[in-house]
Amino acid sequence: MVSEIGLVEMTRQRVRPSLMQFLGETCPSCGGSGRVLSLESIEMRIERLLKRMRTRCNEKRIELFLHPEVAFHMLSESARRIIRLEKRFKMEIDVKDDPNLRREEIYVRSSKTGEDLTFLTEA
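Residues numbered from 1 in each chain as written. Predicted model: local features only at pLDDT ≥ 70, side-chain atom pairs only at ≥ 80, totals over all residues. Heavy atoms only, no water.

Engineer: Just give me the short version of the nonpolar core, but keep the residues and values in it.
Structural biologist: Ile46, Leu50, Met53, Ile62, Leu64, Leu66 and Ile93 are the most contacted members of the largest nonpolar core, which totals 22 residues. Looking at which element gives the most residues to this core, the answer is helix α2 (residues 39-56), with six residues. Residue contacts for Ile46: discarding those within four places in its chain leaves Leu64, Leu66, Val70, Met74 and Ile106. (Core = buried A, V, L, I, M, F, W, Y, C linked by side-chain atoms within 4.5 Å. Buried < 20%, exposed > 50% of the residue type's maximum accessible area, 1.4 Å probe, protein only. Helix = DSSP H or I, 4+ residues; strand = E, 2+ residues; numbered from the N terminus. Contact = heavy atoms within 4.5 Å.)

Rendered as structure tokens:
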């Protein structure tokens, strides 16, 4: 097309995937977003999930499976927070690490029955 001032306008359309798409792959940690949640944000997410789970079931003891880095943080630097959560929700929380989980993934299981409670915590 010719513009109002007499210039030819041209555009280039990509017809093949970019070289980065061809040679690269999606990051297993961030899922391709380039960012992961901070440990503090994950802690808040855990608290919200436990609150939601507590309103939907009557578990007295749960196992909380987390990425090893998150589990270490929860057991060392946030140990007091776990105690507060246990008192607040009137349940025992057993934090375990699972290297198969991504940093932001949380898996909840009943200690008594072994039942998967994760579906109760999803939005």
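Engineer: How would you sum up α2? Please name residues and give values.
Structural biologist: In a regular helix each residue adds 1.5 Å, so 18 residues correspond to 26 Å; α2 covers 26 Å between its end C-alpha atoms and thus fits that length. Burial in α2 covers these residues: Leu39, Ile42, Glu43, Ile46, Leu49, Leu50, Met53 and Arg54. On an axial view of α2, the arc spanned by its buried residues comes to 135°, and they lie on one face. (Expected span 1.5 Å × (residues − 1). Arc of directions from axis to C-beta.)

Engineer: Can you explain the packing of α2 against helix α3 (residues 68-76)? Please cite residues and give values.
Structural biologist: Look at α2 against α3: their axes get within 11 Å of each other, and the N-to-C directions meet at 80°. For the element pair α2 / α3, the angle class is roughly perpendicular. Contacts from Leu39, Glu40, Ile42, Glu43 and Ile46 of α2 reach α3 at Glu69, Val70, His73 and Met74. Here the residues of the contact of α2 with α3 are counted per class, giving five nonpolar, one polar and three charged. (Axes fitted to C-alpha atoms, helices over the stretch in contact; angles between N-to-C directions. Parallel < 35°, antiparallel > 145°, perpendicular 65-115°, else oblique. Nonpolar A, V, L, I, M, F, W, Y, C, P; charged D, E, K, R; others polar.)

Engineer: Run through the sheet that holds strand β3 (residues 106-110), naming residues and quoting values.
Structural biologist: Within a sheet, neighbouring strands are paired by backbone hydrogen bonds and run either parallel or antiparallel to one another. Taken together, three strands build an open sheet; the order of strands is β2-β1-β3 and the sheet is mixed. Either end of the sheet is taken by a strand with one partner, and the two such strands are β2 (92-97) and β3. Looking at each pair of strands side by side, their axes are set apart by 25° on average, direction ignored. Relative to β2, strand β1 (residues 61-66) runs parallel, the two sharing six bridges. Considered in β2, the bridge of Glu63 is made with Asp94. (Pairing = 2+ DSSP bridges.)

Geometry only, nothing functional implied.
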